[in-house]
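Breakdown of the fold
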Amino acid sequence: MTDQSSDKRGDDVETVCPLCAVGCRLQPGSGSRARGVAGPANPKGRLCRKGVEAFDGRPDDRLTEPMVRRKGELTPVSWEAAYNRISEHVQRITDERGPDALAFLGAPHCTNEENYLLQKLARSLGTNNVDNRARLCHVSSARALTDRVGWPATTNSLANLSDADVIFVAGANPAERQPVAFNSFIRPAVGAGSTLIHVDPVGNETTRLADIHVAPRPGMDALVFDLLSGRLLDDGAGVDRGFVSERTRGFEAFEASMADRDDDTMRRAAGVDADIVNGVVDRLAAANSVAGLVGTGIENSAEGTNASAALLNLLLLTGNFGSSGSGLYILRGLANEQGATDAGCAPDRLPGHLPVTDEAARRRVASEWGVEPPRSPGKTAKELLASFGSDVRGALVVGENPAISKRDPTWLRERLDALDLLVVVDLVSNETTRHADVVLPAASGIEKTGTFTNLERRIQPVRPVTEPPTGVRSDLTILTDLGKRLTNHPEAFTYADVSMVFDELCRVAPTHDSFSWDTLGPEGAQWPAGEEGALYRERFETADGLAVFGSAQPLATSELRDGLLLVTGGRLSDSQQDRPSPGHVRINPTDAATRDIEPNQTVVISHEETAVRTVADIDENVRHGTVFLPASVADPLLRRDATTVAVEPSAAHTPEHER
Ligand SMILES: Nc1nc2c(c(=O)[nH]1)N[C@H]1C(S)=C(S)[C@@H](COP(=O)(O)OP(=O)(O)OC[C@H]3O[C@@H](n4cnc5c(=O)[nH]c(N)nc54)[C@H](O)[C@@H]3O)O[C@H]1N2
Ligand SMILES: Nc1nc2c(c(=O)[nH]1)N[C@H]1C(S)=C(S)[C@@H](COP(=O)(O)OP(=O)(O)OC[C@H]3O[C@@H](n4cnc5c(=O)[nH]c(N)nc54)[C@H](O)[C@@H]3O)O[C@H]1N2
Ligand code: SF4
Ligand SMILES: [Mo]
């Protein structure tokens with residue numbers, strides 16, 4: 001397959017914004033700017049500030065030549081030489097230790113077709129060690145959906161939000177993080193009378209539009225949702241008995257698990273005011289339809305609890321699945337985060353979310369590939385990283401930067417350096433390429449052909465608007481090249497063009513069957529075919545077609561500790577074209593006063609030996625007893641697992657690292 005796709009490029013080519021999971025449609029505008037084109041996710045043709053700059057390639061720092069490490073230095077080589085180096089090492093590693101000594105990481109920035117090929121490569125070599133770490137940012141929400149209703153994906157379309165009477169946004173800030181979705185769907189719904197309830201210990205741009213701000217103690221969301229379910233059960237109003245009896249199972253057990261719960265104990269543990277809870281209960285009791293939108297913030301649930309599972313119980317109790325204006329939305333981050341998992345970049349799932357342990361599913365795959373995927377699940381991205389240098393000796397990283405994460409940077413560097421072979425496929429040099437043995441330069445999202453799947457499960461066509469720099473290859477070409485060289489099935493990696501890869505994905509993944517490259521129109525379609533809008537109208541994707549209630553969540557107690565609870569957010573990904581934020585700490589006026597902290601004063605935020613210094617913003621939208629730090633500033637503290645911090649005026653404290 002060549003990189004010179006036959007697709008036309010030029011000013012009238014329409015594609016999908018590669019910068020976030022909303023999936024706005026756009027085309028080249030004046031100069032290097034992009035112009036929005038009306039599409040399902042941006043019906044008015046809006047783009048956010050980032051999206052306008054989506055075509056602003058940064059050619060200066062692009063990688064243009066393959067490199068291999070020789071005598072400690074990354075040295076430019078031919079593609080052939082780079083591939084040879086990879087083949088030799090992969091051969092040796094699999095001969096000596098078997099295929100499970102290999103890891104495959106990626107690729108939520110890449111297309112469905114590229115993700116499909118990445119997991120096909122891993123599994124054809126005999127391992128399920130394939131994952132994408134963006135998946136882990138929403139893992140508890142995805143797990144709740146899989147366990148209770150069917151697929152690990154948003155249940156409804158964005159357009160459905162106009163029918164919601166109540167919209168919960170929990171642990172997310174879509175006003176800034178998914179701005180076009182927020183302004184195109186949530187803002188108009190609220191304008192037309194929907195109630196927006198923002199659940200977040202710290203107010204942000206999203207809170208400004210909210211009717212009610214529920215600010216629980218960090219990690220206590222599960223208790224809040226259980227408390228609301230308990231109140232509805234007590235009062236009866238808002239509970240949809242018909243839905244519960246016809247479409248769900250496990251309700252009695254759920255009700256029983258709630259029986260010994262006392263509202264006041266729960267409310268105090270969650271740290272929410274009675275009048276706020278009453279206000280939410282009134283709105284829920286009066287609502288016909290309720291939608292829940294969850295972000296990364298509720299993944300920080302207190303030990304043993306799953307906030308999304310509790311929210312899901314509340315939505316089942318009120319009959320809020322299978323219709324417009326209802327459902328659970330995962331506010332995913334990266335452009336093809338949903339698609340990466342749909343295409344099978346997960347250690348326990350084949351394309352279409354079929355379990356690797358399901359024999360019929362493995363056979364379905366084998367009939368296309370000529371080789372059956374291994375039967376036991378592989379390691380997750382987190383487990384793989386921890387195994388680098390021990391069980392795992394070689395890794396292929398496609399469009400991810402695992403060197404940056406909430407782990408001790410020294411430990412991370414050691415893990416990456418402990419590999420016999422680290423291959424990184426990226427657009428630019430990053431912290432991970434610094435540790436690579438082979439670096440392969442790839443084409444970016446605006447230079448290639450394929451499909452992305454947005455946060456509402458919409459598969460949309462991606463088309464090149466510009467040529468890649470001379471010398472680079474698309475991830476698709478690189479993965480087929482590697483498939484032909486590394487596996488015993490070169491024919492299985494031989495495709496005339498990308499359409500054949502998409503069509504194969506559609507044959508393998510039941511979620512995608514009845515789609516094809518030729519029939520997928522410019523506006524794309526939500527999977528599965530024929531289910532535009534709301535999933536699960538007739539039946540849930542469970543063995544008996546019923547949704548499953550879970551039990552009440554464990555009653556987490558938040559012991560009151562010294563110091564302030566640390567809340568973080570607003571992480572800026574490398575690939576997003578963000579303007580840097582000022583990086584200030586936000587603190588409640590009462591907490592500031594007891595510490596003699598004045599507005600704009602320099603303060604030190606510390607946990608044991610680790611400290612960071614920044615400027616204080618005094619802000620009553622921050623919950624008493626917590627402080628908010630932008631994630632990038634908080635990193636040194638996060639890497640030490642700090643959950644509580646001390647905050648003092650700078651003069652009172654000289655941080656360890658400055659002594
Ligand atoms: N410390 C810490 N770490 C975190 C988080 C956190 O809160 N704290 N948040 C997490 C979250 S939410 C996420 S989603 C992940 C994101 O983590 P990553 O996905 O690892 O990070 P990014 O910076 O988004 O992108 C990684 C690389 O992809 C490359 N890239 C972009 N497009 C393409 C392409 O088309 N092809 C190829 N081959 N490469 C491409 C970029 O150049 C960049 O170097 O990070 C997680 N990491
Ligand atoms: N401009 C821009 N947009 C982006 C990205 C980017 O880099 N730049 N990255 C994209 C990516 S990869 C992702 S994953 C998304 C992330 O999008 P979001 O999930 O919206 O990310 P944050 O802005 O970090 O918001 C997390 C929120 O959770 C809150 N929070 C923290 N702890 C708790 C808690 O215990 N309970 C509750 N209820 N809330 C809590 C924080 O206060 C914060 O408001 O954004 C995407 N959008
Ligand atoms: S909201 Fe997301 S997809 Fe839409 S223009 Fe902005 S970055 Fe691009
Ligand atoms: Mo993310």
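Per chain, residues are indexed from 1 in the order of the written sequence. All chains are assigned letters beginning with A, and all ligands numbers beginning with 1, in the order in which they are written. Given that this is a predicted model, residues contribute local features only at a pLDDT of at least 70 and side-chain atom pairs are listed and counted only at 80 or more, while totals for whole chains, interfaces and linings are drawn from all residues. Note: side-chain values were computed over all heavy atoms of the structure, leaving out hydrogens and water.

Points about the overall build of the protein chain
Counted only if it meets this: In this description a helix means any DSSP run of H or I spanning at least four residues, a strand means any run of E spanning at least two, and both kinds are numbered starting from the N terminus. Every radius of gyration here is taken over C-alpha atoms, with the globule rule written as 2.2 Å times N^0.38, N being the number of residues. Think of it in three bands: with a 1.4 Å probe and only protein chains considered, a residue is buried below 20% of the maximum accessible area for its type, exposed above 50%, and partly exposed in between. Residue contacts are defined here by distance: any two heavy atoms, one from each residue, within 4.5 Å place the two residues in contact. Computed with the Shrake-Rupley method and a 1.4 Å probe, the accessible areas treat only the protein chains shown as cover for residues.
Regarding its fold elements, the protein chain presents 21 helices and 28 strands. In terms of overall dimensions, the protein chain is globule-like: its C-alpha atoms have a radius of gyration of 25 Å, near the 26 Å expected for 659 residues. Judged by the C-alpha coordinates and their principal axes, the protein chain covers about 70 × 65 × 55 Å. Looking at the protein chain as a whole, 60% of its 659 residues qualify as buried. Residue pairs in contact within the protein chain that sit at least 24 positions apart in sequence constitute 75% of those at least 6 positions apart. For the protein chain, the exposed surface amounts to about 25400 Å²; the carbon and sulfur share of it is 46%.

Re the sheet that holds strand β5 (residues 73–76)
For the record, the criterion: Two strands pair under a simple rule: DSSP has to find at least two bridges between them. Axis definition: a line fitted to C-alpha atoms, over the contacting stretch in the case of helices. Angles run 0 to 180 degrees between N-to-C directions.
In spatial order, the strands read β5-β4-β18-β17-β16-β6-β7; together these seven strands make up an open sheet with mixed pairing. Looking at which strands have only one partner, the edges of the open sheet turn out to be β5 and β7 (130–131). Sheet topology places strand β17 (residues 421–426) next to strand β18 (residues 438–441); four bridges connect them, and they run parallel. Paired with V424 across the bridge in β18 is V439. Packed on one face of the sheet, helix α2 (residues 79–97) meets β4 (67–70), β6 (102–105), β16 (394–398), β17 and β18 and runs near 135° to β18.

Some points on the site of ligand 3
Definition in use: For this description, a residue counts as near a given molecule or strand if any of its non-hydrogen atoms is within 4 Å of it. Each residue gets one label: Ala, Val, Leu, Ile, Met, Phe, Trp, Tyr, Cys and Pro are nonpolar, Asp, Glu, Lys and Arg are charged, and the others, such as Gly, are polar.
Around ligand 3, the structure places C17, L19, C20, V22, G23, C24, L47, C48, K50, G51 and V180. Its residues placed into classes, the shell around ligand 3 shows eight nonpolar, two polar and one charged.

Observations concerning unusual backbone geometry
Excluding glycine, residues mostly have negative phi values, and the peptide bonds linking residues are mostly trans. The amide bond that connects G106 to the next residue, A107, takes the cis arrangement and shows omega of -5°. By the element assignment, A107 lies in the loop between β6 and α3 (112–124). With an omega dihedral of -10°, the bond running from W527 to P528 counts as a cis peptide bond. With respect to the helices and strands, P528 occurs in the loop between β21 (525–526) and β22 (547–548). For H353, which is not a glycine, the phi torsion comes out positive at approximately 65°. Within the fold, H353 resides in the loop between β14 (349–350) and β15 (354–355). Of note, the phi angle at E608 is positive, near 50°, even though the residue is not glycine. With respect to the element layout, E608 can be found in the loop between β25 (602–607) and β26 (610–618). For E608, a relative accessible area of 69% puts it in the exposed group.

Section: the pairing of β16
Put simply, the test is: Here a crossover is taken to be right-handed if, once the strands point away from the viewer, the path from the first strand over the helix to the second is traced clockwise.
The buried fraction of β16 is high, at five of five residues. The alternating pattern of β16 places G394, L396 and V398 and A395 and V397 on opposite faces, both of which are buried. The pairing of β6 with β16 spans four bridges and is classified as parallel. Opposite L105, over in β16, you have V397 as the bridge partner. Summarising the sheet, β16 and β17 pair through five bridges and their orientation is parallel. By the bridge assignment, G394 is partnered in β17 with L421. Handedness of the crossover joining β16 and β17 through helix α17 (residues 409–417): right-handed.

Brief notes about the pairing of strand β20 (residues 458–462)
With respect to burial, β20 is a largely interior element, five of its five residues being buried. Across the two faces of β20 the burial is the same, with R458, Q460 and V462 and I459 and P461 all buried. Relative to β20, strand β19 (residues 450–453) runs antiparallel, the two sharing four bridges. The residue of β20 that forms the bridge with T453 is I459. When β20 meets β21, the two strands line up antiparallel, connected through two bridges. Within β21, the residue paired with R458 across the bridge is Q526.

Some words on the nonpolar core
Put simply, the rule reads: Working definition of a nonpolar core: buried Ala, Val, Leu, Ile, Met, Phe, Trp, Tyr and Cys residues. They are joined through side-chain atoms within 4.5 Å.
Ranked by size, the top nonpolar core spans 117 residues in total, and within it I86, F168, L228, L396 and L440 carry the most contacts. Of the residues forming this core, the biggest block, nine residues, is contributed by helix α13 (residues 307–317). In contact with L228, not counting residues within four places along its chain, are F168, V277, V280, V281, L284 and L314. With 39 residues, the next largest nonpolar core counts C24, V180, A210 and A291 among its residues.

Quick notes on the pattern of salt bridges
Put simply, the test is: Basic side-chain nitrogens of Lys or Arg form a salt bridge, by our definition, when they fall within 4 Å of a carboxyl oxygen of Asp or Glu.
Under the criterion given, the structure shown has 23 salt bridges. Measuring nitrogen to oxygen at the nearest pair gives 4.0 Å for the salt bridge that ties R261 to D226. With R261 in the loop between α10 (251–259) and α11 (263–270) and D226 in helix α8 (residues 221–235), the pair connects residues that are 35 residues apart, well separated along the chain. On the basis of relative accessibility, which here comes to 0%, the residue D226 falls in the buried class. Two residues, E337 and R332, come together in a salt bridge whose shortest N-O distance is 3.9 Å. Here E337 and R332 have matching classes, each one buried. Among the charged side chains, a salt-bridge network with shared partners connects E14, R25 and E523.

Considerations on the packing of aromatic side chains
To be explicit about the condition: Whether two aromatic rings pair depends on their centres lying within 6.5 Å, for rings of Phe, Tyr and Trp, where Trp uses its six-membered ring; planes under 30 degrees apart make the pair stacked, over 60 edge-to-face, and the rest tilted. In this scheme, the term charge over a ring applies when either NZ of a lysine or CZ of an arginine sits within 6 Å of the ring centre and within 35 degrees of the ring normal.
Going through the model one piece at a time under the given rule, you end up with eleven aromatic pairs. Ring geometry for W151 versus W527: centroids 5.4 Å apart, planes at 90°, classification edge-to-face. Here W151 is found in the loop between α4 (139–148) and β8 (166–170), whereas its partner W527 is found in the loop between β21 and β22, with 376 residues between them in sequence. Members of the aromatic cluster, each reached through a chain of ring pairs, are W151, F243, F321, W527, Y536 and F540. Against the face of F493 rests K120, its NZ or CZ located 5.1 Å from the ring centre. If you follow R457 out to its NZ or CZ, it ends over the ring of W527, 5.5 Å from the centre.

Regarding the UniProt feature "domain: Molybdopterin oxidoreductase" (unreviewed entry) in the protein chain
Heads up, the condition is: UniProt positions are given in the numbering used here, feature names are shortened, and annotations may be inferred rather than shown by experiment.
With numbering matched to this structure, UniProt assigns "domain: Molybdopterin oxidoreductase" (unreviewed entry) to residues 62–485. Span residues 62–485 is 40% helix and 16% strand, its end C-alpha atoms 26 Å apart.

Observations regarding the site of ligand 1
Put simply, the rule reads: Under the rule applied, a polar contact is a pair of N or O atoms within 3.5 Å (in protein, one hydrogen donor and one hydrogen acceptor; residues adjacent in sequence only if both atoms are side-chain atoms). Domain boundaries shown here were taken from an automatic or database domain assignment.
Within the structure, ligand 1 sits among 27 residues, and H109, N401, D426, D475 and R571 are positioned closest to it. Contacts to ligand 1 include N401, whose backbone N or O atom sits 2.6 Å from an oxygen atom. D426 places a side-chain nitrogen or oxygen 2.6 Å from an oxygen atom of ligand 1. Relative to its unbound accessible surface of 920 Å², ligand 1 loses 88% to contact with the protein. Taken together, the residues of the shell around ligand 1 sort by class into ten nonpolar, eight polar and nine charged. Mapping the shell around ligand 1 onto the domain boundaries places at least three of its residues in each of domain 2 (67–136 + 336–526) and domain 4 (564–657).

Some remarks on the environment of R485
One can find R485 in helix α18 (residues 475–486). In this structure the C-alpha to C-alpha distance between R485 and A646, which are 161 residues apart in sequence, comes to 55 Å. Residues contacting R485, with those up to four places away along its chain left out, are E80, Y83 and S87. At 2.8 Å, the side chain of R485 forms a polar contact with the side chain of E80.

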